[in-house]
Amino acid sequence: MYELKLDGFRGQAIRDRDGVHLFSKNGKDFSKKFPKVFAALGKALPVGTAVDGELVAFGEDGRPSFSC
């Protein structure tokens, strides 16, 4: 098994009856920091779903961009 490390932000998304919640690994609200991701999760995740992963911004060249 291989996991690509892109040095993004670790995040957790939870969709419950109250809506979508997007948090950092320390529990900080990420909804304003990543509004496009937050909106997409609201459309994609069914109620009762939890997702854990890495949030990474990509530049026009398709590589991780740390200036976004």
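Residues numbered from 1 in each chain as written. Predicted model: local features only at pLDDT ≥ 70, side-chain atom pairs only at ≥ 80, totals over all residues. Heavy atoms only, no water.

Visitor: What is the right way to read the overall build of the chain from this model?
Guide: Scanning the chain from N- to C-terminus turns up 1 helix and 3 strands. Of the regular secondary structure in the chain, the N- to C-terminal order runs β-β-α-β. Here the chain holds 68 residues, and the buried ones make up 21% of them. The long-range fraction of contacts in the chain, counting pairs at least 24 apart against all pairs at least 6 apart in sequence, stands at 51%. Working note: accessible area of the chain is about 5500 Å², and carbon and sulfur atoms make up 55% of it. (Helix = DSSP H or I, 4+ residues; strand = E, 2+ residues; numbered from the N terminus. Buried < 20%, exposed > 50% of the residue type's maximum accessible area, 1.4 Å probe, protein only. Contact = heavy atoms within 4.5 Å. Areas by Shrake-Rupley, 256 points an atom, 1.4 Å probe, with all protein chains shown as cover.)

Visitor: Sorry, what's going on with the side chain of Thr 49 here?
Guide: Mapped onto the elements, Thr 49 comes out in strand E3 (residues 49–55). Take Thr 49: its relative accessible area is 19%, and that puts it in the buried class. Engagement of the side chain of Thr 49 in a polar contact is seen with the backbone oxygen of Pro 46, the distance being 2.8 Å. With residues up to four places along the chain from it excluded, the contact list for Thr 49 reads Ala 13, Ile 14 and Arg 15. (Polar contact = N/O pair within 3.5 Å; in protein donor to acceptor, adjacent residues only side chain to side chain.)

Visitor: Can you walk me through the nonpolar core in this structure?
Guide: For soluble globular proteins, the rule of thumb is that nonpolar side chains tend to be buried together. Grouped together as the largest cluster of nonpolar side chains are 8 residues: Ala 13, Val 20, Leu 22, Phe 30, Phe 34, Leu 41, Leu 45 and Leu 55. If near-sequence neighbours (up to four positions away) are discounted, Phe 30 is found in contact with Phe 9, Arg 10, Leu 22, Phe 23, Ser 24 and Leu 55. (Core = buried A, V, L, I, M, F, W, Y, C linked by side-chain atoms within 4.5 Å.)

Visitor: Before we go on, may I ask you to explain the environment of Val 20 in this structure?
Guide: Inspection of the secondary structure puts Val 20 in strand E2 (residues 19–24). C-alpha of Val 20 to C-alpha of Gly 42: the two residues are 22 residues apart in sequence and 5.7 Å apart in space. Contacts of Val 20, omitting those with residues within four sequence positions, involve Ile 14, Arg 15, Phe 38, Leu 41 and Gly 42.

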